[in-house]
Amino acid sequence: MIIYPLSEGSFTVDHTKRFVPFDSERHQLSNRPAGSILVEIQPFVVITSRDIILLDTGLGFQTEQGTLQLHENLLQHDINPMDVTKVLMSHLHKDHAGGMGIRDEHTGAVRPAFPLATYYVNAREMDMALAPGSSSYRPEELAVLNQLERLERIDGEGWIDGYIRYAWSGGHCPFHQVFRIEENGEVIFYGGDEAPQYQQMKSRFIAKYDADGKRAMELRQQWWTEGKDWTFLFYHDIKTPSICPGQS
Ligand SMILES: [Zn+2]
């Protein structure tokens, strides 16, 4: 399998949950609002013998030319966004789900960013995201995508096409899920925000931003122990996009 990280860069986020681009050569963290944290954003594309698979969809920002940054990043690897066959969503927070759809600047209409792909979303996560009142989600956009024929509402544990394992994990948010893609003896593991950075895999770390921080920490340890031969993909780690613990 071939893996390409699709880095969208670094951003600062404060309590308003707005993501503001951060360029370490031009900006200083101390000039940002108090309580700002620095976050790196990096979806992945995995090419298997059967599929072109996206793992989460980034912030959904557009370039000055009006192209979705995620599309631009795929094109840089000679991948036509129309050729993406599956979009696997760990959860629907806006830094992961922003690029699921494209919003027309003039009409506000939302259409899927990958019209020929099947989107796989945890059913209860979608229901939670559609409920009003959380600044972590974009319910108006998700409501449109939830109507798509090509959106599969999954839950619990199971297989997609016999080689992609999904499992409810529920640490970062109550209905978070993780994925394992298995082909020809290779295993690629995507733990979304429960395995977001290499550094977090190696220490006992309870994150304040997790709904169930203890559970997320225990899952990380379990995966890191079980997955000596897996390739881990880290969504919030541009320096170390992927690693196989048995070889590091
Ligand atoms: Zn995240």
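The rules behind these values
Residues numbered from 1 in each chain as written. Predicted model: local features only at pLDDT ≥ 70, side-chain atom pairs only at ≥ 80, totals over all residues. Heavy atoms only, no water. Helix = DSSP H or I, 4+ residues; strand = E, 2+ residues; numbered from the N terminus. Buried < 20%, exposed > 50% of the residue type's maximum accessible area, 1.4 Å probe, protein only. Contact = heavy atoms within 4.5 Å. Donors = N, O, S within 2.8 Å, 3.2 Å for Na, K, Ca; no water. Pairing = 2+ DSSP bridges. Axes fitted to C-alpha atoms, helices over the stretch in contact; angles between N-to-C directions. Salt bridge = Lys/Arg side-chain N within 4 Å of Asp/Glu carboxyl O. Core = buried A, V, L, I, M, F, W, Y, C linked by side-chain atoms within 4.5 Å. Arc of directions from axis to C-beta. Polar contact = N/O pair within 3.5 Å; in protein donor to acceptor, adjacent residues only side chain to side chain.

1. Some thoughts on the environment of glycine 101
Part 1 of the reasoning: Mapping glycine 101 onto the fold places it in strand β8 (residues 101-103).
Part 2 of the reasoning: A residue is classified by how much of its surface remains accessible, and glycine 101, at 4% relative accessible area, is buried.
Part 3 of the reasoning: Those residues in contact with glycine 101, other than ones at most four positions away along the chain, are Arg111, Pro112, Ala113, Glu141 and Leu145.

2. Some words on the side chain of threonine 240
Part 1 of the reasoning: You can see threonine 240 is positioned in the loop between β16 (231-233) and β17 (242-243).
Part 2 of the reasoning: For threonine 240, a relative accessible area of 19% corresponds to the buried category.
Part 3 of the reasoning: Excluding residues that lie within four positions of it along the chain, threonine 240 makes contacts with Tyr198 and Phe234.

3. Concerning the coordination of the zinc ion
Part 1 of the reasoning: Protein coordination of the zinc ion is provided by Asp95 (OD), His96 (NE2), Asp193 (OD), Asp193 (OD) and His236 (NE2), with donor distances spanning 2.0 to 2.7 Å.
Part 2 of the reasoning: Summarised as a motif, the one-chain spacing of the donors to the zinc ion is D-H-x96-D-x42-H. Taken together, the residues span a long stretch of sequence, with aspartate 193 in the loop between β15 (186-190) and α5 (198-201) and histidine 236 in the loop between β16 and β17 at a distance of 43 residues.
Part 3 of the reasoning: Take aspartate 193: its relative accessible area is 4%, and that puts it in the buried class.
Part 4 of the reasoning: What makes histidine 236 buried here is its relative accessible area of 9%.

4. Let's talk about the sheet that holds strand β13 (residues 164-168)
Part 1 of the reasoning: Taking strand neighbours across the sheet as the criterion, the 6 strands line up as β12-β13-β14-β15-β16-β17 in an open arrangement whose pairing is mixed. For this open sheet the edge positions go to β12 (157-160) and β17, each flanked by a neighbour on one side alone.
Part 2 of the reasoning: Direction of pairing for β16 relative to β17: antiparallel, over a ladder of 2 bridges. Residue pairing in the sheet places phenylalanine 232 in a bridge with isoleucine 243 of β17.

5. Topic: the sheet that holds strand β10 (residues 118-122)
Part 1 of the reasoning: Pairing in this open sheet of 6 strands is mixed, and the strands run β1-β5-β6-β7-β10-β11 from one edge to the other. Bordering the open sheet on either side are β1 (2-5) and β11 (151-154), each of which pairs with just one other strand. When strand polarity is set aside, the average angle formed by the axes of neighbouring strands in this sheet is 20°.
Part 2 of the reasoning: In this sheet, β11 lies alongside β10 in parallel orientation, the contact comprising 4 bridges. Residue asparagine 122 lies in a different strand from β11, and its bridge partner there is isoleucine 154.
Part 3 of the reasoning: Across the sheet, helix α3 (residues 123-130) touches β10 and β11, and the angle it forms with β10 is around 80°.

6. Digging into the pattern of salt bridges
Part 1 of the reasoning: According to the stated counting rule, one finds 9 salt bridges in the structure shown.
Part 2 of the reasoning: Aspartate 51 is the salt-bridge partner of lysine 86, the closest N and O atoms lying 3.1 Å from each other. Residue lysine 86 is located in strand β7 (residues 86-88), and its partner aspartate 51 is located in the loop between β5 (44-47) and β6 (52-55); the two are separated by 35 residues in the primary sequence. Neither lysine 86 nor aspartate 51 differs from the other in exposure class; each is buried.
Part 3 of the reasoning: Residues arginine 180 and glutamate 182 are paired through a salt bridge, measuring 2.9 Å at the closest nitrogen-oxygen approach.
Part 4 of the reasoning: Residue classification places arginine 180 among the partly exposed residues on the basis of a relative accessible area of 22%.

7. Observations concerning the nonpolar core
Part 1 of the reasoning: Leu54, Leu92, Met100 and Phe114 are the most contacted members of the largest nonpolar core, which totals 26 residues.
Part 2 of the reasoning: Here methionine 100 is in contact with Thr57, Met89, Leu92, Pro112, Ala113, Phe114, Tyr119, Val121, Leu142 and Leu145, once residues within four sequence places are set aside.

8. So, α3
Part 1 of the reasoning: Listed as buried for α3 are Ala123, Glu125, Met126 and Ala129. Buried residues in α3, looked at end-on, bunch into an arc of 160°, giving them a common side.
Part 2 of the reasoning: Those residues of α3 that are buried lie in contact with β10, α4 (139-145) and β11.
Part 3 of the reasoning: Between the side-chain oxygen of the N-cap and the backbone nitrogen of arginine 124 there are 2.9 Å, and the N-cap of α3 in question is asparagine 122.

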